[in-house]
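# Examination of the molecular architecture
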Amino acid sequence: LKKKYTIDLNFRSAAAKSFGSVGGQYSVDLIVGDATLPQAMVIDVATLNLEIPDSKEPAADLSKQAKPEITHLFRQPEKRPPQAISAVFTGLVLLPALVLLIMWAKLGANISNIQISLSSIGFHGGLLAIIAIYVNFFLGVNMFTTVKCLAGVAVVTFLCGQRLLSSIAAAKKAK
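Right, let's walk through the structure included here. It should be emphasised that the depicted structure is a prediction, and the values quoted were computed from it without experimental measurement. (Residues numbered from 1 in each chain as written. Predicted model: local features only at pLDDT ≥ 70, side-chain atom pairs only at ≥ 80, totals over all residues. Heavy atoms only, no water.)

### Here we look at the overall build of the chain
A count of helical and extended segments in the chain gives 4 helices and 2 strands. Evaluated residue by residue, the chain yields a buried proportion of 10% over its 175 residues. When contacts within the chain are restricted to residue pairs at least 6 apart in sequence, long-range pairs at least 24 apart make up 54% of them. Surface accessibility of the chain: about 16100 Å² in total, with carbon and sulfur atoms responsible for 65%. (Helix = DSSP H or I, 4+ residues; strand = E, 2+ residues; numbered from the N terminus. Buried < 20%, exposed > 50% of the residue type's maximum accessible area, 1.4 Å probe, protein only. Contact = heavy atoms within 4.5 Å. Areas by Shrake-Rupley, 256 points an atom, 1.4 Å probe, with all protein chains shown as cover.)

Shown next, in the form of structure tokens:
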């Protein structure tokens with residue numbers, strides 16, 4: 001059951017641009033596609049019969065020719081600070097770690113109680129791996145890769161740390 005609808009539109013200038021002032025049968029199709037589909041679905045929606053009156057404007061070229069190349073101008077990269085300023089900033093960032101080591105030495109940190117076990121190595125190695133992941137993120141790895149790596153390392157670090165603290169608590173309780 002096909003119905004016939006008619007509509008009168010004055011689109012002389014639009015017709016010159018879009019249809020090249022060429023009337024006739026035009027098919028309207030709905031195309032649904034995706035990267036995961038092997039083949040796009042094409043649904044015939046309607047067939048239009050366009051009757052375009054003669055125009056004084058020249059007919060547009062409807063051939064499928066290459067469009068002109070698009071060129072982009074990228075902004076100039078920002079200037080980096082002098083190397084001396086960068087070195088001073090790095091030193092100021094690392095200064096708290098140096099102060100921590102000096103204070104530990106001055107206070108007499110008890111490193112004789114450190115256990116050499118699989119959980120101890122796993123916990124401290126995990127902490128070092130987390131720091132390395134943060135450094136990689138700072139140097140340019142994207143956040144998604146960082147979170148993916150951090151999730152695995154954090155679980156191992158948590159489990160090893162929990163086991164290490166349990167064994168230290170058990171050793172203190174036994175004394």
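The rest of the description comes next.
### Some details on the environment of Leu30
Along the chain, Leu30 falls in strand 1 (residues 24-32). When near neighbours in sequence (up to four residues on either side) are disregarded, Leu30 contacts Met41, Val42, Ile43 and Val45.

### Some thoughts on helix 4 (residues 143-174)
Its 32 residues place the ends of helix 4 45 Å apart at the C-alpha level, agreeing with the 46 Å of an ideal helix rising 1.5 Å per residue. For helix 4, the full list of buried residues reads Thr146, Leu150, Thr157, Cys160, Gly161 and Leu164. Close packing links the buried residues of helix 4 with helix 3 (118-139). (Expected span 1.5 Å × (residues − 1).)

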